[in-house]
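Topology and contacts: notes
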Amino acid sequence: MTDSERDGLLEHVVLISREILKNTKSRVVSIKLRTLLRYAYVAYRQRTTDLGSIRGLVPRVRPPSRLCNQYFYREMERVLKNNFNVRIENRRQFRYVVFYK
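**Observations regarding the overall build of the protein**
- From N to C terminus, the protein includes four helices and three strands.
- Each helix and strand of the protein, ordered N terminal to C terminal, gives the series α-β-α-α-α-β-β.
- Projected onto its principal axes, the C-alpha coordinates of the protein cover approximately 35 × 30 × 25 Å.
- Within the span of the protein, comprising 101 residues, buried residues form 44% of the whole.
- Counting only contacts in the protein whose residues sit at least 6 apart along the sequence, the fraction spanning at least 24 positions is 61%.

**With respect to the sheet that holds strand β2 (residues 86–91)**
- Strand order across the open sheet formed by three strands is β1-β3-β2, with antiparallel pairing between neighbours. The open sheet has two edge strands, β1 (28–32) and β2, and neither has a second partner. When the angles between neighbouring strand axes are averaged without regard to direction, this sheet yields 25°.
- Alignment of β2 against strand β3 (residues 94–100), held across six bridges, turns out to be antiparallel. Counted as the bridge partner of Glu89 is Tyr96 from β3.
- Against the sheet, helix α2 (residues 33–46) contacts β1 and β3, and its axis sits at roughly 80° relative to β1.

**So, the pattern of salt bridges**
- Evaluation of the coordinates by the stated rule reveals seven salt bridges.
- Across the pair Arg87 and Glu89 runs a salt bridge whose closest N-O atoms are separated by 2.1 Å.
- Judged by its relative accessible area of 41%, Arg87 falls in the partly exposed class.
- Judged by its relative accessible area of 17%, Glu89 falls in the buried class.
- A salt bridge links Arg91 to Glu89; the shortest N-O distance between them is 2.9 Å.

**Observations regarding α2**
- For α2, with 14 residues, the first-to-last C-alpha span of 20 Å sits near the 20 Å given by 1.5 Å per residue.
- The elements touched by buried residues of α2 are α1 (3–22), β1, α3 (51–57), α4 (70–83) and β3.

**Here we look at the pairing of β3**
- Bridging between β1 and β3 involves five bridges; their strand directions are antiparallel. Looking at β3, one finds that Ser30 is bridged to Val98.

**Notes on the packing of aromatic side chains**
- Taken as a whole, this structure holds one aromatic pair when the rule is applied.
- Geometrically, the ring pair formed by Phe84 and Phe99 is edge-to-face, given 5.5 Å between the ring centres and 90° between the ring planes. Of the two residues, Phe84 sits in the loop between α4 and β2 while Phe99 sits in strand β3, which places them 15 residues apart along the sequence.
- On the basis of relative accessibility, which here comes to 15%, the residue Phe84 falls in the buried class.
- When the ring centre of Phe94 is taken as reference, the NZ or CZ atom of Lys32 above it lies at 3.9 Å.
- Directly above the ring of Tyr44 sits Arg47, whose terminal nitrogen or CZ lies 5.2 Å from the centroid.

Cut-off values and rules
- Residues numbered from 1 in each chain as written.
- Predicted model: local features only at pLDDT ≥ 70, side-chain atom pairs only at ≥ 80, totals over all residues.
- Heavy atoms only, no water.
- Helix = DSSP H or I, 4+ residues; strand = E, 2+ residues; numbered from the N terminus.
- Buried < 20%, exposed > 50% of the residue type's maximum accessible area, 1.4 Å probe, protein only.
- Contact = heavy atoms within 4.5 Å.
- Pairing = 2+ DSSP bridges.
- Axes fitted to C-alpha atoms, helices over the stretch in contact; angles between N-to-C directions.
- Salt bridge = Lys/Arg side-chain N within 4 Å of Asp/Glu carboxyl O.
- Expected span 1.5 Å × (residues − 1).
- Phe/Tyr/Trp six-rings, centres within 6.5 Å; stacked < 30°, edge-to-face > 60°.
- Lys NZ or Arg CZ within 6 Å of the ring centre and 35° of its normal.

Purely spatial values, then, with no claim about function.
Dropping the structure here:
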C-alpha cells in the first residue's frame, strides 16, 4: 500500500467519523475500531460518505489484510485522537473508539 492510499484511507476514517457523529442524537458514540476501518475502506473504494450505502456494502467488501494489523490501527487511533474528543477502550478482546460530542 502506498503512502497516498494510506493517507486517503485515514482521511476517510475522519470523514466517516464525522458522518457518524452528525447522524446520531446521542452524546456518546461507541464503535469498534475494526468496524470503523471497514466503513472507511468501503467509503474509500466507493467514493461515498452515505452511511446507508456503506452499511449495505460492508458485508461484501473486505479490507486487505495489510490494513488489518496493529500498526494501521495505531495510526487510526492517532488520527482520531488528533481530530476528535475520543477515548480508546478495550472491551471483550476488541478495541473500541468512544466519541464524545
